[in-house]
Amino acid sequence: MKIMLSAGEASGDLHGESLARAMQKLQPGVELVGFGGPKMAGAGVRLCADMREYSIMGVWEVIKNLRRIFGLLKKLQEFMAEEKPDLLVLIDYPDFNWRLAAKAKAMGIPVFSYIPPSAWAWRKGRAKKCAALADELAAIFPFELPVYQAAGANISFQGNPLLDTVKSSMSTGEARNYFQVSQKGEPVLLLPGSRKQEIEMLFPVMLEAAALLQAERHSLEFFVPIAAGIDQYMLEKMAAGRGVNLCFTHDRTYDLMNICSFAIATSGTVVLEAAIMGLPCVSLYRMAPLNYAIGRLLVKIDHFTLPNILAGRSVQPELLQDQVTAQGVFQAARRFYREPGYREQVVSGLQEAVGRLGEPGAAERVAGRILAAAKEYGRVVSNEI
């Protein structure tokens, strides 16, 4: 059996890794190929293309890179025709992956969607298109189901795979020693993101806020995990001369989360990972003005960070666009150490949100559905591309 996976972002690479390992455990010898990153490659997926060469964010950036994007689509289409997989598995990355799905369906290759487009938040019409293209869909959040079920999709919620992967491997004492936290030090995480563009937009603000926090509370020690594919020198250059006690790290991020007091984070999967670890965040999201103007017209949601969406209320602070200032971040973050009981209240809300992610074992359950789908839906591959 041969299964092709397609993931184009860091979070998709992480989910793809979990699926790949689970499928190989359930069915040793399954052949996995496709489009992804280093984590998927490390899990045994033979990559046709590396997603790090195609990391693009924002409307204008996509327009500038349309030729490369369509070149990648053509490359993967030809790859499917040559490899003849029994099933194509889409992992998030909606705008690109659903174009690939249309090509697969035209070639007689069944499609399984893992982490379908966020039709619950915007462009609800996409649910019908996805239902027509995908033989089966698996969601990682329970609030995704109603709009797809109304569109007639074969969709289920199998739980969230992060519950199995996000965990510490050290005691708090071991972690403090490993990261060389001083005896009375209070570690704090800065999580600037995994894309160069979002780092450029948000990391300077984080650093300014960190300087204000450290000036007020000298025991704070700031740590910056460096995402895969991000140049440490770029971060060091941005941080130079700001007077912040910074330590850049490359591994054991969950152990680091486990000993931190709070985090200042770019909104994304990492905020949910922090929630699972019981680490409260000040979550930030900022886009280029054009992208934000378009987003305001299309997106109709009350919250933009996953813990708040899961809880259905604001359980931890989130700052959007013009709210993202050094002073705004400083005021939101200092509440964690200045207001008695505030941090505990936020952690309790995070526990409530995480409780809605289902039970552990999601990757195995979804992997089982993928393997069953590859057998159930059959494959009649056309050589036409």
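Just so we're clear, the structure is a prediction, and the values are computed from it rather than from any experiment.

With that settled, the discussion passes to the overall build of the protein. A tally of helices and strands in the protein yields 18 helices and 13 strands. Across the 385 residues of the protein, 53% fall into the buried class. About 16,900 Å² of surface is accessible on the protein, with carbon and sulfur atoms providing 50% of the total.

As a further point, take the pattern of salt bridges. Applying the stated criterion across every chain, the model contains 17 salt bridges. With a closest N to O distance of 2.0 Å, Arg 195 and Glu 9 form a salt bridge. You can see Arg 195 sitting in the loop between β8 (186–191) and α10 (196–216) and its partner Glu 9 sitting in the loop between β1 (2–7) and α1 (10–26), a full 186 residues away along the chain. With its nearest N and O atoms 2.9 Å apart, the salt bridge here joins Glu 31 to Arg 46.

Our focus in this paragraph is the pairing of strand β4 (residues 87–91). By the criterion of burial, β4 is predominantly enclosed, with five of the five residues buried. On β4, burial covers both faces: Leu 87, Val 89 and Ile 91 on one face and Leu 88 and Leu 90 on the other are all buried. Note: β1 against β4, five bridges, orientation parallel. Its bridge partner being in β4, Ile 3 is matched across the sheet by Leu 87. Of the pairings in the sheet, the one linking β4 to strand β5 (residues 111–114) comprises four bridges and is parallel in character.

For sheets, the rule is that strands pair by backbone hydrogen bonds, running either parallel or antiparallel. Strand order across the open sheet formed by seven strands is β3-β2-β1-β4-β5-β6-β7, with parallel pairing between neighbours. On the outer flanks of this sheet lie β3 (46–50) and β7 (155–157), each paired with one strand and no other. Averaged over neighbouring strand pairs, the angle between their axes works out to 15° when direction is ignored. Sheet topology places β5 next to strand β6 (residues 136–139); three bridges connect them, and they run parallel. Counterpart to Tyr 114 in the pairing with β6 is Ala 138. Helix-sheet contacts for helix α5 (residues 94–106) involve β1, β4, β5 and β6, and the interaxial angle to β4 is about 170°.

A separate point is the state of the cysteines. Under the criterion given, the structure shown has zero disulfides. As a non-bridged cysteine, Cys 260 has Cys 281 as the owner of its nearest cysteine sulfur, 9.7 Å distant. Take Cys 260: its relative accessible area is 5%, and that puts it in the buried class.

Membership of the largest hydrophobic core comes to 98 residues, with the highest contact counts inside it found for Ile 3, Met 23 and Phe 203. Top contributing element to this core by residue count: α10, with nine residues. When sequence neighbours within four positions are dropped, the list of residues in contact with Met 23 reads Ile 3, Leu 5, Val 30, Leu 32, Ala 367, Ile 370 and Leu 371.

The side chains of a regular strand alternate, first on one face of the sheet and then on the other. Along β8, six of the six residues are buried, which leaves the element largely enclosed by surrounding structure. Residue alternation in β8 divides its side chains into two sets, Glu 186, Val 188 and Leu 190 and Pro 187, Leu 189 and Leu 191, and both sets are buried. Here β8 pairs with strand β9 (residues 220–225) via four bridges, running parallel. If you follow Leu 189 over to β9, its bridge partner there is Phe 223. In this region the chain leaves β8, passes through α10 and returns to the parallel neighbour β9; the handedness of that crossover is right-handed. The pairing of β8 with strand β11 (residues 263–266) spans three bridges and is parallel. By the bridge assignment for β11, Leu 191 is matched with Ala 265.

Further remarks concern the packing of aromatic side chains. Enumeration over the complete set of coordinates arrives at nine aromatic pairs. Measuring from ring centre to ring centre gives 6.3 Å for Phe 35 and Tyr 93, while their planes differ by 50°; the resulting arrangement is tilted. Pair noted here: Phe 35 is in strand β2 (residues 31–36) and Tyr 93 is in the loop between β4 and α5, with a separation of 58 residues, a long-range link. Residue Phe 35 shares its accessibility class with Tyr 93, and that shared class is buried. Note on Tyr 93 and Phe 96: the rings are 5.7 Å apart at their centroids and 40° apart in plane angle, and the pair reads as tilted. A relative accessible area of 17% places Tyr 93 in the buried class. Taken together, the aromatic side chains of Phe 262, Phe 336, Tyr 337 and Tyr 342 make up a single cluster linked through ring pairs. It is Arg 252 that lies over the ring of Tyr 178; its NZ or CZ is 5.3 Å from the centre. The aromatic ring of Tyr 342 is capped on one face by Arg 335, whose charged end is 4.0 Å from the ring centroid.

Before going further, it helps to examine unusual backbone geometry. Positive phi is not limited to glycine here, since Ile 115 has a value of about 65°. In the Ramachandran plot, Arg 252 falls in the positive-phi region, its phi being about 50° despite a non-glycine side chain. Counting through the fold element by element, Arg 252 comes out in the loop between β10 (246–249) and α12 (253–259).

A separate point is the environment of Gly 368. Within the element layout of this structure, Gly 368 appears in helix α18 (residues 362–376). Distance from Gly 368 to Gln 27, taken between C-alpha atoms, is 9.1 Å for residues 341 residues apart in sequence.

Another aspect to go through is the side chain of Glu 198. Counting through the fold element by element, Glu 198 comes out in helix α10. Exposure remark for Glu 198: the relative accessible area of 8% places this residue in the buried category. Among the polar contacts listed, one links the side chain of Glu 198 to the backbone nitrogen of Ser 194, at a separation of 2.8 Å.

Thresholds, definitions, all that
- Residues numbered from 1 in each chain as written.
- Predicted model: local features only at pLDDT ≥ 70, side-chain atom pairs only at ≥ 80, totals over all residues.
- Heavy atoms only, no water.
- Helix = DSSP H or I, 4+ residues; strand = E, 2+ residues; numbered from the N terminus.
- Buried < 20%, exposed > 50% of the residue type's maximum accessible area, 1.4 Å probe, protein only.
- Areas by Shrake-Rupley, 256 points an atom, 1.4 Å probe, with all protein chains shown as cover.
- Salt bridge = Lys/Arg side-chain N within 4 Å of Asp/Glu carboxyl O.
- Pairing = 2+ DSSP bridges.
- Axes fitted to C-alpha atoms, helices over the stretch in contact; angles between N-to-C directions.
- Contact = heavy atoms within 4.5 Å.
- Disulfide = S-S within 2.5 Å.
- Core = buried A, V, L, I, M, F, W, Y, C linked by side-chain atoms within 4.5 Å.
- Right-handed = clockwise from strand over helix to strand, strands pointing away.
- Phe/Tyr/Trp six-rings, centres within 6.5 Å; stacked < 30°, edge-to-face > 60°.
- Lys NZ or Arg CZ within 6 Å of the ring centre and 35° of its normal.
- Polar contact = N/O pair within 3.5 Å; in protein donor to acceptor, adjacent residues only side chain to side chain.

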